[in-house]
Amino acid sequence: AQSVTQPDIHITVSEGASLELRCNYSYGATPYLFWYVQSPGQGLQLLLKYFSGDTLVQGIKGFEAEFKRSQSSFNLRKPSVHWSDAAEYFCAASTGGFKTIFGAGTRLFVKA
Amino acid sequence: DVKVTQSSRYLVKRTGEKVFLECVQDMDHENMFWYRQDPGLGLRLIYFSYDVKMKEKGDIPEGYSVSREKKERFSLILESASTNQTSMYLCASSFGPQGLHFGNGTRLTVT
């Protein structure tokens, strides 16, 4: 069955430290891959997406993600976290149709 | 920037009421979606529409219906609201496989 797994339910990092959020997918073929961010009480915002080509993808708000086919992973990174990055992050996958499968989310806490 | 607007941020309704959740997008996207989001259950697709007057069931359509009379507007209808429909409802639109654009959500409480 198709699935998206985010192994970490929550992560705490210090402001200014680097961040990596993990995402693994299970699909028959490489799906389209996405990262979304959700601030409290808000909808989800698309951070970045991977369709094909360069495996390092740049997104908004200084985020990037790296696609690794051999590991079926699409991890999100940021070199220096700001307090405003505290939110919930969702990895998602789609085969290009109408169904998007979301991971369970990773809640990011940022400490001063 | 794509703007997806949900008409209400918070709604409180009584059991048995008919509830309408409205969603409007301003980017001429052909695809529109309704999700509900619950703690521990993540995002679940209720219905989607790929064109005016076209609709398809998602993963949890029971107790819901939808209407898409105009391309920019997608309505979710709870025919007879029940307490287990208390949730955050998220509308989204997309152009092809380019990723979803979400509204800010409607937090519905059914008492």
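Above this text is the structure in question.
Residues numbered from 1 in each chain as written. Chains lettered and ligands numbered in written order. Predicted model: local features only at pLDDT ≥ 70, side-chain atom pairs only at ≥ 80, totals over all residues. Heavy atoms only, no water.

Participant: Explain the overall build of chain B residue by residue, including any values.
Facilitator: Check the secondary structure of chain B and you find zero helices and 12 strands. Element order for chain B, N to C, with α for helix and β for strand: β-β-β-β-β-β-β-β-β-β-β-β. In summary, chain B has a C-alpha radius of gyration of 13 Å against a globular reference of 13 Å for 111 residues, a match within 12%. Seen through its principal axes, chain B has C-alpha atoms that stretch 35 × 25 × 25 Å. (Helix = DSSP H or I, 4+ residues; strand = E, 2+ residues; numbered from the N terminus. Rg over C-alpha atoms; globule rule 2.2 N^0.38 Å.)

Participant: Can you tell me about the layout of surface pockets, naming the residues and giving the values?
Facilitator: Size it by volume and the largest pocket reaches roughly 620 Å³. Split into classes, the residues belonging to the lining of the largest pocket amount to 10 nonpolar, 11 polar and five charged. Approximately 530 Å³ is the volume found for the second largest pocket. As for the second largest pocket, its lining consists of 29 residues, and the residues nearest its centre are Phe90(A), Gln37(B), Asp38(B), Gly42(B) and Leu43(B). Elements with a minimum of two residues in the lining of the second largest pocket: strand S10 (87-94) and strand S11 (100-102) of chain A together with strand S5 (31-38), strand S6 (42-51) and strand S10 (87-94) of chain B. Looking at which element gives the most residues to the lining of the second largest pocket, the answer is S6(B), with four residues. Broken down by class, the residue content of the lining of the second largest pocket amounts to 11 nonpolar, 11 polar and seven charged. (1 Å grid on protein atoms, 1.4 Å probe; cavity = no way out; pocket = protein on both sides within 12 Å on 5 of 7 lines; lining within 4 Å. Points joined across faces, edges and corners; volume = space filled by probe spheres on them. Nonpolar A, V, L, I, M, F, W, Y, C, P; charged D, E, K, R; others polar.)

Participant: Any chance you could break down the interface of chain B and chain A for me, citing the residues and the numbers?
Facilitator: Chain B puts 20 residues into the contact, and the matching count from chain A is 17 residues. Taken together, the two surfaces of chain B and chain A that pack against each other cover about 1,600 Å², and 59% of this comes from carbon and sulfur. Seen at the junction of chain B and chain A, the total is one salt bridge. For Asp59(B), the salt bridge goes to Lys99(A), with nearest N and O atoms at 3.6 Å. For the pair chain B and chain A, the number of links is four residue pairs in polar contact (both at pLDDT 80 or more). Going through the elements one at a time, S5, S6 and S10 of chain B are the ones with two or more residues in the side of chain B that touches chain A. Its residues assigned to classes, the side of chain B that touches chain A comprises 11 nonpolar, seven polar and two charged. (Contact = heavy atoms within 4.5 Å. Buried area = accessible area lost by both parts, 1.4 Å probe. Salt bridge = Lys/Arg side-chain N within 4 Å of Asp/Glu carboxyl O. Polar contact = N/O pair within 3.5 Å; in protein donor to acceptor, adjacent residues only side chain to side chain.)

Participant: Could you give an account of the nonpolar core, naming the residues involved and the relevant values?
Facilitator: Among the nonpolar cores identified, the biggest contains 27 residues, and Leu19(A), Trp35(A), Leu47(A), Leu48(A), Phe74(A), Leu76(A) and Tyr89(A) are the most heavily contacted of them. Those elements giving two or more residues to this core turn out to be strand S2 (10-14), strand S3 (19-21), strand S5 (32-38), strand S6 (44-50), strand S8 (64-68), strand S9 (73-78), S10 and strand S12 (106-111) of chain A. Ranked by the residues each element gives to this core, the list is headed by S10(A), at four residues. Residues in contact with Leu19(A), not counting those within four places in the same chain, are Ile11(A), Val13(A), Phe63(A), Leu76(A), Arg77(A), Lys78(A), Val81(A) and Leu108(A). Formed by 20 residues, the second largest nonpolar core is a distinct cluster that contains Val4(B), Leu21(B), Trp34(B) and Ile60(B). (Core = buried A, V, L, I, M, F, W, Y, C linked by side-chain atoms within 4.5 Å. Buried < 20%, exposed > 50% of the residue type's maximum accessible area, 1.4 Å probe, protein only.)

Participant: Residue-level account of the packing of aromatic side chains, with values.
Facilitator: In the structure shown here, the tally under the stated rule is 17 aromatic pairs over all chains. Both rings, one in Phe102(A) and one in Tyr35(B), keep their centres 5.7 Å apart while their planes meet at 90°; by these two values the pair is edge-to-face. Taken as a pair, Phe102(A) in strand S11 and Tyr35(B) in strand S5 lie in two separate chains rather than in one. Overall, Phe102(A) belongs to the buried group, its relative accessible area being 11%. Overall, the relative accessible area of 1% leaves Tyr35(B) in the buried class. Connected via pairs of aromatic rings, a cluster forms that spans Tyr32(A), Phe34(A), Tyr36(A), Phe51(A), Phe98(A), Phe102(A), Phe33(B), Tyr35(B), Phe48(B), Tyr50(B) and Phe102(B). (Phe/Tyr/Trp six-rings, centres within 6.5 Å; stacked < 30°, edge-to-face > 60°.)

Participant: Lay out the environment of Glu22(B) with the relevant residues and their values.
Facilitator: All names here are of chain B. Among the secondary structure elements, Glu22 is positioned in the loop between strand S3 (19-21) and strand S4 (23-25). Sequence separation between Glu22 and Gln37 is 15 residues; the distance between their C-alpha atoms is 17 Å. Setting aside residues up to four positions removed in sequence, Glu22 forms contacts with Thr5, Gln6, Ser7, Trp34, Arg73, Phe74 and Ser75.

Participant: Mind laying out the pattern of salt bridges, listing which residues take part and the relevant values?
Facilitator: Applying the stated rule across the entire model yields 11 salt bridges over all chains. When the shortest N-O distance is used, the salt bridge between Glu66(A) and Arg77(A) registers 2.9 Å. Linking Glu66(A) in strand S8 with Arg77(A) in strand S9, this pair joins segments that are 11 residues apart in sequence. A salt bridge links Lys53(B) to Glu69(B); its shortest N-O distance comes to 2.5 Å. Highlighted residues: Lys53(B) in the loop between S6 and strand S7 (54-57) and Glu69(B) in strand S8 (residues 64-70), separated in sequence by 16 residues. The same class applies to Lys53(B) as to Glu69(B), namely exposed.

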